[in-house]
Amino acid sequence: MTTETTASAAASGNAATDRFRQSGKTGAIAADVERVNLLASKLIKAANDIVLEERVSYDEFNALKAWLIKVGDDGEWPLFLDVWLEHSVEDVATSHREGNKGSIEGPYYVPGSPSQDSPAKISMRDDEKGTPLLFQGQVRSTDSSALKNAKIELWHADEEGFYSQFAPNIPEWNLRGTFIADAEGKFQIDTMQPAPYQIPTDGACGQLIAAAGWHAWRPAHLHLKVSAPGHELLTAQLYFPGDAHNDDDIATAVKPELLLDIQPAESGNGKQVTYDFVLDPEAK
Ligand code: MBD
Ligand code: FE
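With that settled, consider helix α4 (residues 77-84). Within α4, burial applies to Pro 78, Leu 79, Asp 82 and Val 83. Down the axis, α4 shows its buried residues gathered within 115° of arc, on one side only. At its buried positions, α4 is contacted by α1 (9-21), α5 (86-94), β7 (197-198) and α6 (204-212).

Take a look at the structure:
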């Protein structure tokens with residue numbers, strides 16, 4: 001057993017919960033009474049409708065109570081909400097865009113990763129396992145103009161599906177970095193292909209997945225935040241063709257526009273891919 005396989009749901013869940021608490025997002029809204037009334041009433045009514053329609057028993061009600069308590073104990077509220085709800089919130093938030101499709105942020109983003117000018121290599125261990133991946137492209141605006149010095153934040157799992165800062169014994173910024181594109185908005189980043197990600201099986205979310213007979217997988221993915229002055233921040237994920245879970249991602253976060261066209265590397269070492277981003281100008 002490698003040290004990484006001792007990663008536990010509670011450890012990664014609690015790290016994601018702490019990260020959310022520090023994110024500045026917790027008090028983001030000055031709640032309007034009418035809006036809270038509308039949303040909370042609809043949520044409660046939807047739950048009551050299920051109880052009545054499906055004739056939910058006391059045993060089932062108590063199983064729900066126990067499970068909800070466990071979600072909190074395991075720190076898995078960010079994981080639960082990001083896997084099963086964020087995709088709809090992301091759809092609503094970005095439906096006006098003409099540029100790039102985006103995708104969910106998920107629970108494992110950490111702001112402030114070390115910044116380098118492109119071309120650059122992401123921080124990784126000397127013996128980082130996996131297939132080298134040269135990730136390159138250009139950042140443009142919806143009018144096709146190049147976005148000079150656009151910023152690309154990249155984070156992803158390692159070859160075993162683990163994220164630095166959420167699984168043990170991985171260097172702090174491993175496979176996380178911020179990259180500044182050149183004067184033509186072009187970037188070149190050397191990284192390592194990530195593995196598919198499995199929701200931890202030993203926490204509350206894993207318990208639900210097993211009890212419902214679902215699978216626990218997300219397809220392999222790169223996470224990105226792409227930004228440039230005067231443009232909307234793009235949060236996206238990019239996927240690898242042929243992954244068994246591109247069509248049944250447990251987080252419902254795959255879109256056809258986000259599939260990469262992976263090629264053998266011209267260097268002869270690993271793979272390479274070109275993907276261009278199109279950012280929407282901020283509304284005036
Ligand atoms: C992930 O790596 C992820 O991207 C999401 C959305 C949920 C759980 C794990
Ligand atoms: Fe992820």
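Every protein donor of the iron ion (ligand 2) is accounted for by Tyr 163 (OH), His 221 (NE2) and His 223 (NE2), and the metal-donor separations fall at 1.9 to 2.1 Å. Read from N- to C-terminus, the donor residues coordinating the iron ion (ligand 2) fall into the pattern Y-x57-H-x1-H. Of the two residues, Tyr 163 is situated in the loop between β4 (151-156) and β5 (176-180) and His 223 in strand β9 (residues 221-227); the sequence distance between them amounts to 60 residues.

Right, let's talk about the site of ligand 1 for a bit. The immediate surroundings of ligand 1 are formed by Leu 79, Val 83, Ile 104, Gly 106, Pro 107, Tyr 108, Tyr 163, Tyr 197, Arg 218, His 221 and His 223. Between Arg 218 and ligand 1, the recorded distance is 2.9 Å, taken from a side-chain N or O atom to an oxygen atom. His 223 has a polar side-chain atom sitting 2.9 Å from an oxygen atom of ligand 1. In isolation ligand 1 exposes 260 Å². Once the protein is present, 100% of that is buried.

As a further point, take the environment of Ser 123. By the element assignment, Ser 123 lies in the loop between β2 (120-121) and β3 (132-141). By relative accessible area, which is 32% here, Ser 123 ends up partly exposed. A sequence separation of 114 residues divides Ser 123 from Gln 237, and the C-alpha atoms of the two residues are 19 Å apart. Excluding anything up to four places from it in sequence, Ser 123 contacts Trp 173, Asn 174, Leu 175 and Arg 176. A polar atom in the side chain of Ser 123 sits 3.1 Å from the backbone oxygen of Trp 173. A polar contact is formed between the side chain of Ser 123 and the backbone oxygen of Arg 176, at a distance of 3.5 Å.

We now examine the layout of surface pockets. A probe as big as a water molecule, rolled over the atoms, marks out the empty space that is left. Here the largest pocket defines a volume of roughly 1,400 Å³. Lining the largest pocket we find 40 residues, and of these Phe 20, Lys 25, Asp 82, Glu 86 and Val 89 sit closest to its centre. Elements represented by at least two residues in the lining of the largest pocket include exactly α1, α2 (33-54), α4 and α5. Of the residues assigned to the lining of the largest pocket, the class counts are 20 nonpolar, 9 polar and 11 charged. Here the second largest pocket defines a volume of roughly 600 Å³. In this structure, the second largest pocket is lined by Leu 43, Ala 46, Ala 47, Ile 50, Val 51, Val 56, Glu 60, Phe 61, Ala 63, Leu 64 and Leu 68. Mapped onto the lining of the second largest pocket, the elements with two or more residues apiece are α2 and α3 (58-73). In the lining of the second largest pocket, the residues fall into 10 nonpolar, no polar and 1 charged.

Analysis parameters
Residues numbered from 1 in each chain as written. Chains lettered and ligands numbered in written order. Predicted model: local features only at pLDDT ≥ 70, side-chain atom pairs only at ≥ 80, totals over all residues. Heavy atoms only, no water. Buried < 20%, exposed > 50% of the residue type's maximum accessible area, 1.4 Å probe, protein only. Helix = DSSP H or I, 4+ residues; strand = E, 2+ residues; numbered from the N terminus. Arc of directions from axis to C-beta. Contact = heavy atoms within 4.5 Å. Donors = N, O, S within 2.8 Å, 3.2 Å for Na, K, Ca; no water. Near = heavy atom within 4 Å. Polar contact = N/O pair within 3.5 Å; in protein donor to acceptor, adjacent residues only side chain to side chain. Areas by Shrake-Rupley, 256 points an atom, 1.4 Å probe, with all protein chains shown as cover. 1 Å grid on protein atoms, 1.4 Å probe; cavity = no way out; pocket = protein on both sides within 12 Å on 5 of 7 lines; lining within 4 Å. Points joined across faces, edges and corners; volume = space filled by probe spheres on them. Nonpolar A, V, L, I, M, F, W, Y, C, P; charged D, E, K, R; others polar.

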